[in-house]
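Letter by letter, the chains look like this.
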Amino acid sequence: MCFIKPVGVMLIVNRFRTIVLLITFFITVFTSSVYANVLEGIRVWPSPDETRVVMDVKSEVTFSYFTLSSPSRLVVDLQDTSLKAKLPMKVTDSAILTKIRSSSSPKKGTYRLVLELKKHISANIFKLPPTPGGQYGHRLVIDLPNKTKKQQALSNNNPIQKLKVSRDASQLAGNADIIVAVDPGHGGEDPGSIGPGHKFEKNVTLSIAKKLANLIDRVPGMKAILTRKGDYYVSLNKRTEIARQHGAYLLVSIHADAFNSPKPRGASVFVLNTRRANTEIARWVENHEEQSELLGGAGAVLAKNNRDRNVSQTLLDLQFSHSQKEGYKLASDIVHNLAQVTHLHRSKPVNASLAVLKSPDIPSVLVETGFISNPTEERLLFQRSHQDKLARAVATAVVQYFKDNPPVGTLFANRNKTHNYRVQSGDSLSVIAQRYGMSVSAIKNENKLKTNTLSVGQILKIPGGETSLKVPQVENPVETETIIHTVSRGEYLGRIAQKYKVSVADIKRENQLRSNSLNVGQKLKITVSLKDKPLRKHKVSRGDFLGKIANEYNVSVNSIRTANHLRSDSLAIGQILIIPNK
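Residues numbered from 1 in each chain as written. Predicted model: local features only at pLDDT ≥ 70, side-chain atom pairs only at ≥ 80, totals over all residues. Heavy atoms only, no water.

Under the annotation held in an unreviewed UniProt entry, the protein carries the name N-acetylmuramoyl-L-alanine amidase and is attributed to Vibrio eleionomae. Taken from UniProt, the Catalytic activity (unreviewed entry) comment for the protein reads in full: "Hydrolyzes the link between N-acetylmuramoyl residues and L-amino acid residues in certain cell-wall glycopeptides." Of the protein, the UniProt comment under Sequence similarities (unreviewed entry) reads exactly: "Belongs to the N-acetylmuramoyl-L-alanine amidase 3 family." (UniProt positions renumbered as here; feature names shortened; annotations may be inferred.)

Structure (C-alpha cells):
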C-alpha cells in the first residue's frame, strides 16, 4: 500500500531541517569564535637553575596569572582557548614543579591551568612568536626558578667569594688548576640545526663536549666545567656567566654547522669580530643565532633594547682586544689539530659576531665540528670514534695553548719548580702523584719517604720538571651501551627517559615510535651513557677481594676504590660496594 504525504507536511519538515542546520551552523561559528585558540601541547624542561614550561598554542594567546599559597600554586588563565594537550601531567625530575593540571574555568571561553609548586617563587612568563625556520609556532613560556629571590641572592654572592679565596690560596701555593669552560651548544627547547636524518645538533654537541671535558679533567693542573650537563636550555648570556663564576680562563663552545645546501662540509673555528663576518657561512651562523634564542627563550632577544650604555668603552675595547687576540691564537691551534682528524671547511679561524664569544674577560672560541646539514657528515658526527677524535684534537690544542701561555699561580706556570702540598683527608701517594702527573717514586724520593703512609696535614714537596702536561690516551672517555628495557605496568616514556637520563625523543627515534603509547612487556632499545646507567651494588662474600670483584664486573680496581671512598683494600663480609659503570 502506498501513502502520499500532504504537501504542507513536507514543507514543515523541510523548514524544520533548515532551522536545525542554521542552528548547528551558528553554534559552530559561535563555538569557534569563543575558542579561537587551542593549547596543543606542553613540554617541561628541568635544569639545575630553573624549570621551563613551554606551551604550544595555535595562535598568539592572551593570558593572565596569579599565585596561591598553602600549597604553592601558579594559576594561568588562557583566554579564548580550548585544550588539546593531555593533562594532568606529573613532573618527577624538577626541583620546583610537581604537576600541571586543569581546573574549573572562571568564565566561559577561558581555560585555567594550575602548576603545583614545591615552594613559592616568582615566575617569569612571556610569549614567543613562531620561529623563522618553522620548528615552532606561537608559544607561552613559563620559567620557574628553583630558588627564591633570597636564595638566589645568597648563592650569587657566597660561592663567588669562596671561589676567589680558594683560588688565591692555590695561587700562593703555586698549584692552582686552570679552569676551562666547555659549552655544548643549544639544548632543551632549542634543538639547534636538524640534519637530513632528523638528528639534532644539541645531542652531538653535548656528547662531544662531555668527551672534551673528560679529557681536560685527566690533565694534571686542569679542570673542565660544563655550561650544561643535560638536555635543557641555557641562555647565551648565562653560558658566559657560568664560565665567569667558576673563574674560567677560557671558553670553548661546541657546535655543528649547517647551511641551506647539503654540499658544504668540514670543521671550522669561529672567533669574535665585532665588526662583521668574513664569510657567507659566518653570516648564516649569525642570522641563526637569533633563531636559537627564539627557540630556547626570550633571553638576549628581550634584552636587546636594555643595554647599559654607561660602561667604560675604553676599558671594554682593551679587554675585547686581549680576548680576541688570545682567542685567535687558540683557534689557530685548534684548526691545526682538527686538520689531522677531519676535513676542514676553512683552514683559518673565521670571524663572526656571536653572543657566546662576546666575553671581554674570557678568551672564547666556537668550534663547528662539521656540517650536520651534509648527510655524510651527519652520520659521521654521531659516530663514537669520530667524536673521540674531535674531542682529543680540541683538548690537545687547549693544553698546548696553556703550556705556551700558563696563567700565574697555576701548576702549569710552576711545573718546573718544587712547591709544597698539604695532605688532605682521603689523599694517598697515588692520588697525589696522579694529581701532579708524576710517579709515586718521584714524590717519595723528593721527601725521603720509606713507606706510602701519609698523615692529614703533612707537608710534601712536589718536585718540578717531571710533570706530564699532555692529553692522556683514553679510549672512548664517555662510554655508551645499548640496553633493552622491558616496559612494566604504569611506566611511560617520560619516566623511562628520566631513569636512564636520555630524552624521550631519543627513545622514540631509536625504536621508531610514532606515538608515546607503550604496551606492558614491550622491549625498548635505549643507548645510555655508562655514567648515567643505574648503579650496581655488590655484597661482599667470603673470599672476595677487590681484584676479583673488579674482574667480575669488568671495571678497574681503582674505580671501585673511588666510587666507595676506600682508604684501603680491606673488605668486610657483608659490606655493600657500589660498582661503577666504567
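Once the structure has been displayed, the description carries forward.
(A) Geometry of the overall build of the protein. Broken down by element type, the protein carries 15 helices and 22 strands. Counting across all 582 residues of the protein, residues that qualify as buried make up 45%. Entry remark: accessible area of the protein is about 31,000 Å², with carbon and sulfur atoms responsible for 51%. (Helix = DSSP H or I, 4+ residues; strand = E, 2+ residues; numbered from the N terminus. Buried < 20%, exposed > 50% of the residue type's maximum accessible area, 1.4 Å probe, protein only. Areas by Shrake-Rupley, 256 points an atom, 1.4 Å probe, with all protein chains shown as cover.)

(B) Quick look at the packing of helix α14 (residues 546-553) against helix α15 (residues 557-564). Where α14 meets α15, the axes come as close as 8 Å, and the angle between the chain directions of the two elements is 105 degrees. Taken together, the axes of α14 and α15 are roughly perpendicular relative to one another. Here α14 contributes Leu 546, Gly 547, Ile 549 and Ala 550 to the contact with α15, which in turn contributes Val 557, Ile 560 and Arg 561. Of the residues that constitute the contact of α14 with α15, the class distribution is five nonpolar, one polar and one charged. (Axes fitted to C-alpha atoms, helices over the stretch in contact; angles between N-to-C directions. Parallel < 35°, antiparallel > 145°, perpendicular 65-115°, else oblique. Contact = heavy atoms within 4.5 Å. Nonpolar A, V, L, I, M, F, W, Y, C, P; charged D, E, K, R; others polar.)

(C) View of empty space enclosed by the protein. A complete count under the given rule lists two cavities of 30 Å³ or more for this structure. Roughly 40 Å³ of volume is contained in the largest cavity. As for the largest cavity, its lining consists of Trp 45, Ser 47, Glu 50, Arg 52, Tyr 232 and Tyr 233. When grouped by side-chain class, the residues that make up the lining of the largest cavity number three nonpolar, one polar and two charged. (1 Å grid on protein atoms, 1.4 Å probe; cavity = no way out; pocket = protein on both sides within 12 Å on 5 of 7 lines; lining within 4 Å. Points joined across faces, edges and corners; volume = space filled by probe spheres on them.)

(D) Seen up close, the packing of aromatic side chains. If you walk through the whole model with that rule in mind, you get two aromatic pairs. Ring geometry for Phe 63 against Tyr 65: centres 6.4 Å apart, planes inclined by 20 degrees, an arrangement best described as stacked. Look at Tyr 401 and Phe 402: their rings are 5.0 Å apart centre to centre, the planes differ by 75 degrees, and that puts the pair in the edge-to-face class. The class of Phe 402 is buried, set by a relative accessible area of 2%. (Phe/Tyr/Trp six-rings, centres within 6.5 Å; stacked < 30°, edge-to-face > 60°.)

(E) Geometry of the packing of helix α3 (residues 201-217) against helix α9 (residues 384-404). Where α3 contacts α9, the two axes come as close as 9 Å, and the packing angle between them is 50 degrees. Looking at the two axes, α3 sits oblique to α9. Handedness of the α3/α9 crossing: right-handed. Facing Val 204, Ser 207, Ile 208, Lys 211, Leu 212 and Leu 215 of α3, the residues of α9 in contact are Arg 384, Gln 387, Asp 388, Leu 390, Ala 391, Arg 392, Val 394 and Ala 395. Across the contact of α3 with α9, the residue classes break down as eight nonpolar, two polar and four charged. (Left-handed = near helix turned anticlockwise from the far one by under 90°.)

(F) Representation of the sheet that holds strand β10 (residues 138-145) within the structure. Read across the open sheet, the five strands follow the order β5-β1-β2-β10-β9; overall the sheet is mixed. A strand with exactly one partner marks an edge of an open sheet, and here the two such strands are β5 (81-83) and β9 (124-128). Going across the sheet, the axis of each strand differs from the next one's by a mean of 30 degrees, ignoring polarity. Across three bridges, strand β1 (residues 37-46) lies against β5 in parallel orientation. Considered in β5, the bridge of Leu 39 is made with Leu 83. (Pairing = 2+ DSSP bridges.)

(G) Here's a closer look at the nonpolar core. One finds Val 180, Val 182, Met 222, Val 252, Leu 338 and Phe 402 to be the most contacted residues of the largest nonpolar core, which totals 45 residues. The leading source of residues in this core is α9, at ten residues. Not counting residues within four places of it along the chain, the set of residues in contact with Leu 338 comprises Ala 267, Val 269, Leu 344, Val 367, Leu 390, Ala 393 and Val 394. Ranked by size, the runner-up nonpolar core spans 24 residues in total, among them Leu 87, Leu 113, Ile 142 and Leu 144. (Core = buried A, V, L, I, M, F, W, Y, C linked by side-chain atoms within 4.5 Å.)

(H) Up close: the side chain of Ser 94. Here Ser 94 shows up in the loop between β6 (89-90) and β7 (97-103). For Ser 94, a relative accessible area of 4% gives the class buried. Of the polar contacts made by the side chain of Ser 94, one reaches the side chain of Thr 51; its length is 2.6 Å. Within the structure, the side chain of Ser 94 is placed 2.9 Å from the backbone nitrogen of Leu 97, a separation counted as a polar contact. For Ser 94, the residues in contact, after removing those within four places along its chain, are Pro 46, Thr 51 and Lys 118. (Polar contact = N/O pair within 3.5 Å; in protein donor to acceptor, adjacent residues only side chain to side chain.)

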